[in-house]
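Examining the three-dimensional arrangement
Letter by letter, the chains look like this.
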Amino acid sequence: MRRPIMAANWKMFKTIADTCAFFEKFRPLVSASNHCDIVICPSFVCLTAAAAAAQGTRIQIGGQNMYWANEGAYTGEICASMLKSAGCEWVLIAHSERRQHFCETDESARKKIVAAIEAGLMPVYCVGETLEQRQSGHMNAVLETQFQRGTEGLTAEQFAKIALAYEPVWAIGTGKVATPEMAADAHRFIRDQIKQKFGVDAASACRILYGGSVKPDNVRGLMAQPDLDGALVGGASLDPNGFAAIVNF
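As the structure is a prediction and not an experimental result, all values here were calculated from the model.

1. Some points on the overall build of the protein
Assigned secondary structure in the protein consists of 12 helices and eight strands. For the protein, whose C-alpha radius of gyration is 17 Å, the value lies close to the compact-globule estimate of 18 Å for 249 residues. For the protein, the C-alpha atoms occupy an extent of roughly 45 × 45 × 35 Å along the three principal directions. Relative to its full complement of 249 residues, the protein shows a buried share of 54%. If you take every contact in the protein between residues at least 6 apart in sequence, the share linking residues at least 24 apart comes to 72%. Within the structure as shown, the protein displays about 11200 Å² of accessible surface, and the carbon and sulfur contribution to it stands at 53%.

2. Side note on the nonpolar core
The nonpolar side chains of soluble globular proteins are, as a tendency, buried together. Membership of the largest hydrophobic core comes to 69 residues, with the highest contact counts inside it found for F23, F26, L164, I194 and F243. If near-sequence neighbours (up to four positions away) are discounted, L164 is found in contact with V124, Y125, F147, F159, I190, I194, C206, R207, I208 and L209. The next biggest cluster of nonpolar side chains, apart from the first, holds 13 residues, and it includes C41, V124, A163 and L209.

3. Considering the pairing of strand β7 (residues 208–211)
The alternating pattern of β7 places I208 and Y210 and L209 and G211 on opposite faces, both of which are buried. Sheet analysis places strand β6 (residues 163–166) next to β7, joined by three bridges and oriented parallel. Counterpart to A165 in the pairing with β7 is L209. Where β7 meets strand β8 (residues 230–233), two bridges bridge the pair, whose relative direction is parallel. Across the sheet, residue G211 finds its bridge partner in β8, namely L232.

4. Points about the sheet that holds strand β3 (residues 59–63)
Taken in spatial order, the eight strands close into a barrel running β1-β2-β3-β4-β5-β6-β7-β8, and their pairing is parallel. For this sheet the average axis-to-axis angle between neighbouring strands, irrespective of direction, equals 25°. Note: strand β5 (residues 122–127) against β6, four bridges, orientation parallel. Paired with Y125 across the strands is L164, a residue of β6. Contacts from helix α12 (residues 240–247) reach β1 (5–9), β2 (37–41) and β8, with the element oriented near 155° to β1.

5. Focus on the packing of aromatic side chains
In the structure shown here, the tally under the stated rule is 11 aromatic pairs. What links up through ring pairs into an aromatic cluster is the set W10, F22, F23, F26 and F243. Lying across the ring of W10, K14 places its NZ or CZ 5.3 Å from the centre. One cation-aromatic arrangement involves K197 over F147; the distance from NZ or CZ to the ring centre is 5.8 Å.

6. Describing unusual backbone geometry
Peptide bonds are, in most cases, trans, and in most cases residues other than glycine have a negative phi. Not every positive phi belongs to a glycine, and K11 is a case in point at roughly 55°. In this structure, K11 sits in the loop between β1 and α1 (16–29). With a relative accessible area of 17%, K11 lands in the buried category. Backbone geometry at K14 places phi at a positive 80°, although glycine is not the residue there.

7. Re the pattern of salt bridges
Opposite charge on two side chains permits them to pair, given that their charged atoms come into close proximity. Taken as a whole, this structure holds 11 salt bridges when the rule is applied. The partner of E104 in a salt bridge is K112, with the nearest N and O atoms 2.8 Å apart. Each of the two residues, E104 as well as K112, counts as buried. Put simply, R2, R191, D227 and D229 are held in one network by salt bridges that share partners.

8. With respect to α12
Along α12, six of the eight residues are buried, which leaves the element largely enclosed by surrounding structure. Residues of α12 that are buried: P240, G242, F243, A244, I246 and V247. Packed against the buried residues of α12 are β1, α1, β2, α11 (219–223) and β8.

Reading guide: rules and limits
- Residues numbered from 1 in each chain as written.
- Predicted model: local features only at pLDDT ≥ 70, side-chain atom pairs only at ≥ 80, totals over all residues.
- Heavy atoms only, no water.
- Helix = DSSP H or I, 4+ residues; strand = E, 2+ residues; numbered from the N terminus.
- Rg over C-alpha atoms; globule rule 2.2 N^0.38 Å.
- Buried < 20%, exposed > 50% of the residue type's maximum accessible area, 1.4 Å probe, protein only.
- Contact = heavy atoms within 4.5 Å.
- Areas by Shrake-Rupley, 256 points an atom, 1.4 Å probe, with all protein chains shown as cover.
- Core = buried A, V, L, I, M, F, W, Y, C linked by side-chain atoms within 4.5 Å.
- Pairing = 2+ DSSP bridges.
- Axes fitted to C-alpha atoms, helices over the stretch in contact; angles between N-to-C directions.
- Phe/Tyr/Trp six-rings, centres within 6.5 Å; stacked < 30°, edge-to-face > 60°.
- Lys NZ or Arg CZ within 6 Å of the ring centre and 35° of its normal.
- Salt bridge = Lys/Arg side-chain N within 4 Å of Asp/Glu carboxyl O.

The structure is reproduced here in structure tokens:
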């Protein structure tokens, strides 16, 4: 059985004070939640505060992005070892907003995945199609390309150290959500890609999250699908009660 991952992506929200206040309310709401991994990805400036607030709990901390170099003259960037030193165990790679607004590519994602694995971080590699690509019938081709290029050169041992997230771009922050059946179809396709590239065992073990306007009132239907192994939650994760309801689906 694959252990679900319920991950919060706070994007560019919450100050350090806001982060501490969130954890104060959130911790008791999930103290008995042993059925899944809980991951919270705050902004870079809030990582150490979040890690401190999560001490003694099952809550884990992740970065929203990273650069692939270990160090260097890359103004404004942050590397894997910095995330580790701030208390991170996870990192999001190639979120659709990074692809859309910051020119993230499959090739840059691949470099980041390798660097994260080497540093001992668990990457969550995000893939997903736009509305135009879905409506034109190119969804599977887009997912295949992103998956193949993003994992190019990885060994089966390396691949075993990452998770994936299916994020239909048209559902990110729009209030639209893929039906459970639509999400299940995409997850099955991605799992088949894993099987073809890394084998049956890898496909069976890999955890694939769904991301795209997940809320307390739709998470149960999504999680009922056998190929969905959790959720990458945006706006609904900013409220401790709302995110706790999603975690405790």
